[in-house]
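Remarks on the overall topology
Residues per chain, in single letters:
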Amino acid sequence: MNDLVLETKGLTKRYGDFTAVDHLDLSVRRGEVFGLLGPNGAGKTTTILMLLGLTEPSEGKVNVLGFDPARQPLSLKKRVGYMPDQVGFYDDLTARENLFYIAKLNGIPRDQIKRRVEEAIERVRLTDVIDKRVGAFSRGMRQRLGLADVLIKNPQLIIMDEPTQGLDPELAHEFLSLIHSLKEEGTTILLSSHLLHQVQAICDRVGLFSRGRMVLQGTVPELARKVLGGAYRIQIETEGSAAKFRKALEGLRDVNAVTVNDGRIILEAQKDIRADAAEAVVRAGGRLRGLSVESQSLDDIYTRYFEEAKHETVN
Amino acid sequence: MKPSTRRMAARGEREGSPWTGLGAVLTKEMADHLTGVRMLILELLVLLTAVGTLYTALQTIRPGSNNEFLYLRLFTTAQEPLPAFVFFLAILVPLIAIALSFDSINGEFNRRTLSRILAQPVYRDALLMGKFLGGLFTLTMVFSAIWLLIFGVGILRLGVPPTTEETGRALWFLLGTIFYGGIWMALALLFSTVFRSPATAALASIAVWAFFIFFWNIVVGVVAPLLGPQQITTLEQLVAAGQLQMILTRISPITLYADIATIMLQPTERFLGFVLPVQLDRAIQAPLPLAQSLLVIWPQLTGLIAATILLFALTYVLFQRQEIRA
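Just so it is clear, the structure is predicted and the values come from calculations on it, not from any experiment.

**Comments concerning the overall build of chain A**
What chain A contains, in helices and strands, is 11 helices and 13 strands. With the C-alpha coordinates aligned to their principal axes, the bounding extent of chain A is approximately 80 × 45 × 35 Å. Residues classed as buried in chain A amount to 51% of the 315 residues present. Restricting the contact set of chain A to residue pairs at least 6 apart, pairs at least 24 apart contribute 68%. Of the roughly 14600 Å² of accessible surface on chain A, 45% is carried by carbon and sulfur atoms. Distance from the positive charge centre (44 side chains) to the negative charge centre (44 side chains) of chain A: 2 Å.

This is the structure we're talking about:
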């Protein structure tokens, strides 16, 4: 069998005149964490619903784990876990009862249900509240229970819609580390988010969504090279006016651009040329206060890409 | 992937049984109904009316008083100020059925559990069917219990065991009552699929109920003469007008249920609806055997069941097409 867990070709969804997803070609490899990124309303959720067969595509082909969501939904849903954004539970049932129901719907044999439920709950560290009613759960606990709900079927692929939305930074971090541990066990994960810095930390590859189209796809450094030109951004802080060192820095090798911003110089370069930059500043008679290299953040890529896209449409 | 599923996919068919997971949904729904506060209130209500009407009925019925079908009279005997138990049933059964299912689909949607459930390996068919059957079985349990209660109290107070004929009639009436509940349940289920808000769905169902209880007969009284000839001159025209009115009133499930109750619980009743005195001229005033009574209400009974299935089918189609985004 090939290495692709999920593949779409020309996937399209139209609602009347509005095209929510426009000829999407997406492929996710076995064992990777793929991030679908984009602003709200870009078509991420619609795409996910089509992958699961919860919404019928207007056009195009979907293949998930070798199954067609429209024709073989049962086999597919047995192997794919889906965690919707703002996952909901039956509030008057306990965590255990909620998961029991899901286990039964999945046709898990009766003698295994108890063990599987307890294992899943333990995995997300909710064992001490397993017999508490879900109505009393906090947002973070619900989200973790949502993950347990997915884990109960031992999925080969997990699809999560905005998994960290509404969680405070600490909880979000904890949740992401859970996702990371799943990846290490070999589970393939597709997640959507508009919280870029969080996604950056755990995604192997990302796809940038805009108005139903996947505009960019690749690893974060790949995207950085494509969009920002240079993969390195060096920040230089000097005493006194920064502007006068501009020329000296522009003369260095491998420099793409120099911008001065609030007394700070930002150098975009193809290599890590911190040493050269420091030397250049000192030679020009400046006193160096700070020098740091920023790793490329998705936020930058994202902002830059959409700025450029806007310019292009204006021109 | 099994070769069989692949072949089916190639033929463009959906794999597996549409009822996969039906058992799980059904068990959960029934557990919810039976443990819920809502159900408790409804049970108390029915129990209260049953006990009340039974008590008053037993005041008037005495063993040895020349009557046959004592047990059936427990259902139909009324004494001021309480109406008979059948009257209460005609009013309460719809309310109970509506209360059990007005939030079945939109409730899941609003709790945001619907997309999570549908992401499990079950079809929507199983979810909808499970919800409907869960409600229907709950109704069946409650009414069976009430029937047994009535017969039990009857045996204690009347001192004579019920005859086979009586038991048979009571059971057919029970079946009619369950499907009378079924039609209202299917209606509430339909509204719970159409309306996003449970309150709207409940109100819409109750509006239909109120319409049929209070206004349908008035509407028929106004509409029927308009559809018929302006002036009735012949006997045939009179019969036709009467029959038209009859057909129109029978659109209401309440009329159908009342027909079933009349024929099943009062064995001496042999006709339904529009009958000319001439036709009754030579009629024997003796009770009909059960099989004959059944023949009389067969159309009503099948009508109730057919309407239930029809409403359910409509709900099914709407639910299958609904966009689940929660």
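Here the narrative resumes.
**Structural notes on the interface of chain B and chain A**
Residue-level contacts link 35 residues of chain B with 34 residues of chain A. With both chains or domains summed, chain B and chain A bury close to 3000 Å², and 57% of this area falls on carbon and sulfur atoms. Taken together, the links from chain B to chain A amount to one salt bridge. Residues Asp149 of chain A and Arg116 of chain B are paired through a salt bridge, measuring 2.5 Å at the closest nitrogen-oxygen approach.

**Remarks on the side chain of Lys131 of chain B**
Residues and elements named next belong to chain B. Structurally, Lys131 can be placed in helix α8 (residues 124–158). Judged by its relative accessible area of 6%, Lys131 is buried. Polar contacts involving the side chain of Lys131 include one to the side chain of Glu108, which spans 3.1 Å. Ignoring sequence-local partners within four residues, the contact set of Lys131 consists of Val25, Glu29, Ser104, Ile105 and Glu108.

**Structural notes on the sheet that holds strand β13 (residues 288–294) of chain A**
Residue and element names in this part refer to chain A. Within the open sheet, the four strands sit side by side as β11-β12-β10-β13. Their pairing is antiparallel. Each edge of the sheet is formed by a strand with only one pairing partner; in this case those strands are β11 (255–261) and β13. Along the sheet, successive strands turn relative to each other by an average axial angle of 20°, direction set aside. When β11 meets strand β12 (residues 264–269), the two strands line up antiparallel, connected through six bridges. Among the inter-strand pairings, Asn261 is bridged to a residue of β12, identified as Arg264. Contacting β10 (232–238), β12 and β13, helix α10 (residues 274–283) crosses the sheet at an angle of about 155° to β13.

**Some details on the pattern of salt bridges**
Residues and elements named next belong to chain A. Enumeration according to the criterion identifies 27 salt bridges over all chains in this entry. Notably, a salt bridge pairs Arg142 with Asp91, separated by 2.8 Å at the nearest N-O pair. Of this pair, Arg142 sits in helix α5 (residues 139–151) while Asp91 sits in the loop between β5 (80–83) and α3 (95–105), placing them 51 residues apart in sequence. Of the charged contacts, one joins Arg96 and Glu118 as a salt bridge, the two residues approaching to 2.8 Å between their closest N and O atoms. Residue Arg96 is found in helix α3, and its partner Glu118 is found in helix α4 (residues 110–123); the two are separated by 22 residues along the sequence. Linked by salt bridges that have partners in common, Arg96, Lys114, Glu118 and Asp131 make up one network.

**Things to note about the sheet that holds strand β1 (residues 4–15) of chain A**
Residues and elements named next belong to chain A. Taken together, the three strands give an open sheet; going across it, the order is β2-β1-β4, and neighbouring strands pair in antiparallel fashion. Two strands in the sheet have a free side with no partner beyond their single neighbour: β2 (18–29) and β4 (59–64). Averaged over neighbouring strand pairs, the angle between their axes works out to 15° when direction is ignored. In terms of strand pairing, β1 meets β2 through eight bridges, oriented antiparallel. In the sheet register, Leu4 faces β2, and the bridge partner there is Arg29. Along the sheet face, helix α1 (residues 44–52) touches β1, β2 and β4 and points at about 120° away from the line of β1.

Each value, and the rule that gives it
Per chain, residue numbering runs from 1 following the sequence as it is written. The order in which chains are written sets their letters, starting at A; the order in which ligands are written sets their numbers, starting at 1. Local features in this predicted model are restricted to residues of pLDDT 70 or higher, and side-chain atom pairs are both shown and tallied only at a pLDDT of 80 or more, whereas totals for entire chains, interfaces and linings draw on every residue. With hydrogens and water set aside, each side-chain value is computed from the structure's full complement of heavy atoms. Helix and strand assignments follow DSSP, with helices taken as H or I runs no shorter than four residues and strands as E runs no shorter than two, numbered in order from the N terminus. Think of it in three bands: residues with accessible area under 20% of the maximum for their type are buried, residues over 50% are exposed, and the middle band is partly exposed, with areas taken using a 1.4 Å probe on protein chains only. What makes two residues a contact is simply this: any of their non-hydrogen atoms within 4.5 Å. Accessible surface area values rest on a Shrake-Rupley calculation with a 1.4 Å probe, where residue burial reflects the displayed protein chains alone. For the purpose of charge, His is not counted, nor are the chain termini; Lys and Arg are scored as positive and Asp and Glu as negative. Charge positions come from single atoms, namely NZ of Lys, CZ of Arg, CG of Asp or CD of Glu. A 1.4 Å probe defines the accessible area here, and the buried area is the portion of it lost by two parts on being joined, summed over both. Think of a salt bridge as a Lys or Arg side-chain nitrogen and an Asp or Glu carboxyl oxygen that are within 4 Å of each other. Under this definition, polar contacts are N or O atom pairs within 3.5 Å; protein pairs additionally need one hydrogen-donor-capable and one acceptor-capable atom, and for neighbouring residues in sequence, both atoms have to be side-chain atoms. Two strands pair under a simple rule: DSSP has to find at least two bridges between them. Think of each axis as a best-fit line through the C-alpha atoms, taken over the contacting stretch in the case of a helix, with angles from 0 to 180 degrees between the N-to-C directions.

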